[in-house]
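What the coordinates show
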Amino acid sequence: MTEPSPELMEKVVNLTKRRGFVFPSSEIYGGFRSTWDYGPLGVLMKRNVMDAWWRSMVQLRDDIVGIDSAILMAPRVWEASGHLETFTDPLVDCRNCKERWREDQIEGACPNCGSHDLTEARPFHLMFKTFVGPVEDDASVAYLRPETAQGIFVNFMNVLQTSRKKPPFGIAQMGKSFRNEITPGNFIFRTREFEQMEMEFFVPPTEAPTWFEYWCRERRQWYIDLGIPEDMLRMRQHDPEELSHYSAGTADVEFLFPFGWGELEGVANRTDYDLTQHATFSGERLEYFDQASGERYVPHVIEPAAGVGRSMMAFLLAAYDEDVIEGESRTVLRLHPRLAPVKVAVLPLSKKETLTPTAREVLDLVQPHFMSDYDETQSIGRRYRRQDEAGTPYCVTIDFETLDDRAVTVRDRDTLAQDRVSIDKLVDYLRERLPL
Ligand code: GAP
């Protein structure tokens, strides 16, 4: 078992700050309540995580289509979905130090001061409320969506009619969700504003158990294929009392974080709950009519629902490594090339002006194909180290010989092997090694 070391979390958080992956939001004002901004490397990696998910869910399949629905939806959606009534956490106050806690996360005493003088638990609503239009009255209340899934359910008939899909088929969506979490924390693990990657897979009712098992396997494998060691992942079945109000069965894909096992993604059997609720509340028929058999039914839904920030954090933690090269220690992010923010760094050996035009020519050549970086400051050793820390799989060095032989040195982040490659063949060489 690859047990994460206790200091790993601090090291990764420091690296992400130092190298511009993640910054505290509104930092010049002292930060803002566990919200985070993604910097130049972070935004690239976050998009790569989302692209990898979209690629496996939508691009490489012919039974799933995508949508992008609005964050603001009719408030009736949240009545129908059950969120208005049940999307709450039990909250207790410590009468001694006035701290607030989720009842299910403490064991009878205040974690801050140890007092047992706690209030009774009260339900605390997790949806952010806002007003739409110029008047702030009950009629203009709206909510920021707490899950992207409902945008999919309310578009079920639109997609069914326009895409010519039939069950079993899925609708995928990635985007922001908001929850007024009582106890955000652990860096980007639990935040109030976050991104989800969700897919609702609509199936004939009798096929639901088979598809549930299928999606559990597929989703676990996705993390493994992108570099997370198998022994840092596990599937955990929810106990009946833990299930969300819509779920007949849920299994979480969990990752071994430095603070213990934590959920990356939930795979839920939502049955026909959502479509039936929306049909009742909207008065619209939300069902599938199979012309061949003459059968009409409300499909059941299997939902794999993942978090972007959490996945990114797990990929970073699993990729972090330190080793020693020729007596010098280095930090390296052994990220899967598909997730690495920058794929290729173009580095002229020295800042001598004679090398710049050729180095720029190489940059122009690779840039349209791969996210690239150009760096001509500091010693080559230090520049390699900076790229290792950012997880860049390949460094391309232009030296004085390049001017004669039109070849460059390509250095591999993990093996440290150096290949001499002709500039003409460079893009092909990199394409063979960097997956689309
Ligand atoms: N539609 C089902 C749904 O939203 P969930 O288990 O509440 O299910 C799915 O959320 C995923 O979204 C979680 O596994 C997690 O990765 C991510 N997520 C949920 N709440 C989050 C939060 N407060 N901060 C960061 N990610 C969160």
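Computed from a prediction, not measured in an experiment: that's the story for all the values here.

Thresholds applied
Residues numbered from 1 in each chain as written. Predicted model: local features only at pLDDT ≥ 70, side-chain atom pairs only at ≥ 80, totals over all residues. Heavy atoms only, no water. Domains from an automatic or database assignment. Contact = heavy atoms within 4.5 Å. Buried area = accessible area lost by both parts, 1.4 Å probe. Salt bridge = Lys/Arg side-chain N within 4 Å of Asp/Glu carboxyl O. Helix = DSSP H or I, 4+ residues; strand = E, 2+ residues; numbered from the N terminus. Buried < 20%, exposed > 50% of the residue type's maximum accessible area, 1.4 Å probe, protein only. Phe/Tyr/Trp six-rings, centres within 6.5 Å; stacked < 30°, edge-to-face > 60°. Lys NZ or Arg CZ within 6 Å of the ring centre and 35° of its normal. Expected span 1.5 Å × (residues − 1).

Some words on the domain arrangement of the chain
Much of the literature gives interface size as the accessible area that the parts lose upon coming together. Each assigned domain of the chain is listed with its residue range as follows: domain 1 (6-72 + 146-316) and domain 2 (342-433). Relative to domain 2, the C-alpha centre of domain 1 lies at a distance of 37 Å. Contacts between domain 1 and domain 2 engage seven residues on the former and six residues on the latter. At the boundary of domain 1 with domain 2, total buried surface from both sides reaches about 580 Å², with 50% on carbon and sulfur atoms. Connecting domain 1 to domain 2 are two salt bridges. A salt bridge links Arg 19 to Glu 389; the nearest nitrogen and oxygen atoms lie 3.3 Å apart.

Re the environment of Thr 415
Tracing the sequence through the fold places Thr 415 in the loop between strand 22 (407-412) and strand 23 (418-422). In this structure Thr 415 comes out as exposed when scored by relative accessible area, which is 55%. Considering only alpha carbons, one finds Thr 415 and Ser 244, 171 residues apart in sequence, at a separation of 46 Å.

Quick word on the pattern of salt bridges
One pass over the full model with this rule turns up 37 salt bridges. Glu 193 serves as the salt-bridge partner of Lys 176, at 2.7 Å between the closest nitrogen and oxygen. Of this pair, Lys 176 sits in strand 9 (residues 169-178) while Glu 193 is found in strand 10 (residues 193-203), placing the two residues 17 residues apart along the sequence. You can call Glu 193 partly exposed: its relative accessible area is 37%.

So, the packing of aromatic side chains
Scanning the model with the defined rule gives 18 aromatic pairs in all. With 4.7 Å between their ring centres and 55° between their planes, Phe 201 and Trp 211 make a pair best called tilted. Of this pair, Phe 201 sits in strand 10 while Trp 211 sits in helix 7 (residues 208-225), and the two are ten residues apart along the sequence. Relative accessible area serves as the criterion here: at 0%, Phe 201 is assigned to the buried category. With relative accessibility at 17%, the residue Trp 211 sits in the buried group. Centre to centre, the rings of Phe 257 and Phe 259 are 5.0 Å apart; their planes meet at 10°, and the pair counts as stacked. For Phe 257, a relative accessible area of 1% translates into the label buried. An aromatic cluster is built from Phe 153, Phe 156, Phe 169 and Phe 202, whose rings are joined through pairwise contacts. The residue whose ring lies beneath Arg 270 is Tyr 246, and the NZ or CZ to ring-centre distance is 3.5 Å. Here Arg 433 stacks its cationic end above the ring of Tyr 429, 3.6 Å away from the centre of that ring.

Remarks on helix 9 (residues 308-319)
When the terminal C-alpha atoms of helix 9 are compared, their 16 Å separation across twelve residues agrees well with the 16 Å that a helix rising 1.5 Å per residue should span. With eleven of twelve residues buried, helix 9 is to be regarded as a mostly interior element. Among all positions of helix 9, only Val 308, Gly 309, Arg 310, Ser 311, Met 312, Met 313, Ala 314, Phe 315, Leu 316, Leu 317 and Ala 319 are buried.

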